[in-house]
Structures are given as C-alpha cells and as structure tokens.
Amino acid sequence: MSERLSVLKTYKLYVGGKFPRSESGRVYEVTDAKGKWLANAPLSSRKDARDAVVAARKAFGGWSGATAYNRGQILYRIAEMLEGRRDQYVAEVADAEGLSKSKAAAQVEAAIDRWVWYAGWTDKIAQVVGGGNPVAGPFFNLSSPEPTGVVAVLAPQKSSFLGLVSVVAPVIATGNTAVVVASEKSPLPALSLGEVLATSDLPGGVVNVLSGRTAEIAAPLAAHQDVNAIDLAGADEELAKELEIAAADNLKRVLRPQPVDNADWSAAPGTDRMTAFLETKTVWHPTGALGASGSSY
C-alpha cells in the first residue's frame, strides 16, 4: 500500500461570512520561526479592503441592534468552538511564534478565556459607562453608550492569536463591526479564526479578516470614508503616524498603538478597549411639573 499524500490547507480571507481568495489572486509565503515554509497566505489588495468595509457596514445594523445578551451568547459560542479546536490552534501558534507546545497552549487557553470574559461584559458595560445625570430642572437626563460603527483593526504583529483576540473581541462585544488586518508575518491563526467565526452564530460581515502587507491594506482603510474608527495596535511608529493623518480626514476615532510585548497581552484587559469605540448618547425627558414635595408623582 502506497503512503498517502497529506492534503495541504488552502488559507483564504474571511469577508462577509464567506471565504474568498484575494481579488488580485496574489499570495505570499508564510514561514515558521525557523524559516520553514508553512503555507501560502492571500495577499490582500485595496479592493479586498473596500469589499471588507462594505460587508462590515452591511452587518452593522443587525449586530448593533441585537440585544447585548444575544451578543454575549454568540461570543461565548466562539469560545466553545475554539475549545473544541484547541489542538489545532496550539500547533499554529507554536509554529507562528516559535513557542513550545506548553507555552503555545497557555496562549490559546488565555485567548479562549478572553472571549468568555468579553461575553460577560456585553450586557454590563452600559451600566458602567452610562447612567442618570443630575440636572437642575424637571428632567430625567440619561446617558447610554452606543457603538461607533465600522472599526478597522490592525492586529498585533508578534502575538498572532492572543493579541488578535484581545483587540477584536472588545470591538464586537459592544456592537461594532470589524475589518481585521492579521499579523503580516504570522497570519495563519487569524485566518483559521475565520473558520470558527463562520460556525459560531456570528452574522457574516461582523468580523472580516484580511492578510497581507499591513501598510498596503491599512492605508485605504485609514482613508476610507465609511470606516468610523481604527485601532493601530499592529502599526509601527512611522506607519501609525501616517495612518493617523489619513484618519483625520473624516474624524475617525484612533486608538494609538501601545508599547506592549507578548507577555502584556496576558494581563487583565480591563474595559479600555471597549470604551475606546463607544459613543455616548444623552437623552433629556421631562418629568412633569414639580410640586411642593419636589415630585409630580
């Protein structure tokens, strides 16, 4: 009996809930930490970036209008799906980052736990950053957070999976949709994440994953008039400055890159990345004429 040939995986983009090849047909070689070939990844074009924005905008209404409880259920489902494919991600992260199996497993487990953590925040963040405001007059004055819109996310370059999840999960937990540019050197865990998202009840277009040259894809996203915000986590200092200038054209929210290394992504995330992409809506409502007792009721 002859030895069978293994089936090599064809990695594809994840856009609008589907798995297209790059519009340009280009690919680039992805290697492990020792320079060994792992796969050919799609080399996204400006057209791919624009298509991803269209998909994210189309999905925004339904996702932002879903109940916070429902969004939490879906984020938890993502964690469930990742748990079932843990071994695959451990292998991919170990190859991508040159880690031992045990260290890669710790990264993957932390990423799974992070989805659970943000799932728990979906119906609580409004209580933390919103509330009633004391005003002089017969009014109720209430502030509540609302999602910013379509967010372009440049995933961290060194932390191919935990860092990726740490920047994507808070964006969608609060009702935004995302166009994610995967780590240029280590995009495979991000592209595989699309396969989990597609089978986890997450509506198509809520998260769109592109791979390729970060600067090449990020430039049209920063200048795109239908992108409302951009997270520069995966940009170096020079690129971040260029993108911030481009983003100013339509007054995008910009989250500047923080000086973090792989270890810092394991720290407790806090709420900063959720509040970075929220707008505050304030509503005034009359209470009626105040009587001698101070209330009309």
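Refer to the structure above for everything that follows.
Residues numbered from 1 in each chain as written. Predicted model: local features only at pLDDT ≥ 70, side-chain atom pairs only at ≥ 80, totals over all residues. Heavy atoms only, no water.

S.K.: Please clarify how the pattern of salt bridges should be interpreted in this entry.
M.R.: Taken as a whole and judged by the stated rule, the model has 14 salt bridges. Across the pair R85 and E195 runs a salt bridge whose closest N-O atoms are separated by 2.7 Å. With R85 in the loop between α2 (68–84) and α3 (86–97) and E195 in helix α7 (residues 188–197), the pair connects residues that are 110 residues apart, well separated along the chain. Between R86 and D87 there is a salt bridge whose closest N-O contact spans 3.3 Å. (Salt bridge = Lys/Arg side-chain N within 4 Å of Asp/Glu carboxyl O. Helix = DSSP H or I, 4+ residues; strand = E, 2+ residues; numbered from the N terminus.)

S.K.: Would you explain the sheet that holds strand β10 (residues 278–286) in this entry?
M.R.: What links the strands of a sheet is backbone hydrogen bonding, and the strands pair in either a parallel or an antiparallel sense. Taken in spatial order, the 3 strands make up an open sheet running β3-β4-β10, and their pairing is antiparallel. The open sheet has two free edges, formed respectively by β3 (131–132) and β10, since each of these has just one partner strand. In this sheet, strand β4 (residues 139–147) lies alongside β3 in antiparallel orientation, the contact comprising 2 bridges. Looking across to β4, one finds that G132 is bridged to L142. (Pairing = 2+ DSSP bridges.)

S.K.: I would appreciate a short explanation of helix α1 (residues 46–65) in the present structure.
M.R.: What sets the pattern is the α-helix's 3.6 residues per turn: residues three or four places apart point alike. In a regular helix each residue adds 1.5 Å, so 20 residues correspond to 28 Å; α1 covers 29 Å between its end C-alpha atoms and thus fits that length. Of all the positions in α1, only D48, A49, A52, V53, A55, A56, A59, F60 and W63 are classed as buried. (Expected span 1.5 Å × (residues − 1). Buried < 20%, exposed > 50% of the residue type's maximum accessible area, 1.4 Å probe, protein only.)

S.K.: Can you help me understand the packing of α1 against helix α8 (residues 214–223) in this one?
M.R.: Where α1 contacts α8, the two axes come as close as 9 Å, and the packing angle between them is 45°. Taken together, α1 and α8 sit at an angle that is classed as oblique. Crossing of α1 over α8 shows right-handed handedness. Along the contact surface, α1 presents R46, A49 and V53, while α8 presents E216, I217, P220 and L221. Tallied by class, the residues present in the contact of α1 with α8 amount to 5 nonpolar, no polar and 2 charged. (Axes fitted to C-alpha atoms, helices over the stretch in contact; angles between N-to-C directions. Parallel < 35°, antiparallel > 145°, perpendicular 65-115°, else oblique. Left-handed = near helix turned anticlockwise from the far one by under 90°. Contact = heavy atoms within 4.5 Å. Nonpolar A, V, L, I, M, F, W, Y, C, P; charged D, E, K, R; others polar.)

S.K.: Which parts of the structure should I look at to understand the packing of aromatic side chains?
M.R.: Two numbers describe a pair of aromatic rings. These are the distance of the centres and the angle of the planes. On inspection of all chains with the given rule, the structure shows 4 aromatic pairs. Both rings, one in Y89 and one in F161, keep their centres 4.9 Å apart while their planes meet at 25°; by these two values the pair is stacked. Here Y89 is found in helix α3, whereas its partner F161 is found in the loop between β5 (150–154) and α6 (162–173), with 72 residues between them in sequence. F161 matches Y89 in its accessibility class, with the two residues each being buried. Ring centres of W117 and W121 lie 5.8 Å apart, and the angle between their planes is 55°; on these two criteria the pair is classed as tilted. A residue pair is termed a helical-turn pair when its members lie 3 or 4 positions apart in one helix, as W117 and W121 do in helix α4 (residues 101–121) at 4 residues. A relative accessible area of 32% means that W117 is categorised as partly exposed. Three or more aromatic residues joined by ring pairs make a cluster, and in this case those are W117, Y118 and W121. Against the face of F60 rests R57, its NZ or CZ located 5.7 Å from the ring centre. Looking at R213, its charged tip hangs above the ring of Y28, at a distance of 4.6 Å from the centre. (Phe/Tyr/Trp six-rings, centres within 6.5 Å; stacked < 30°, edge-to-face > 60°. Lys NZ or Arg CZ within 6 Å of the ring centre and 35° of its normal.)

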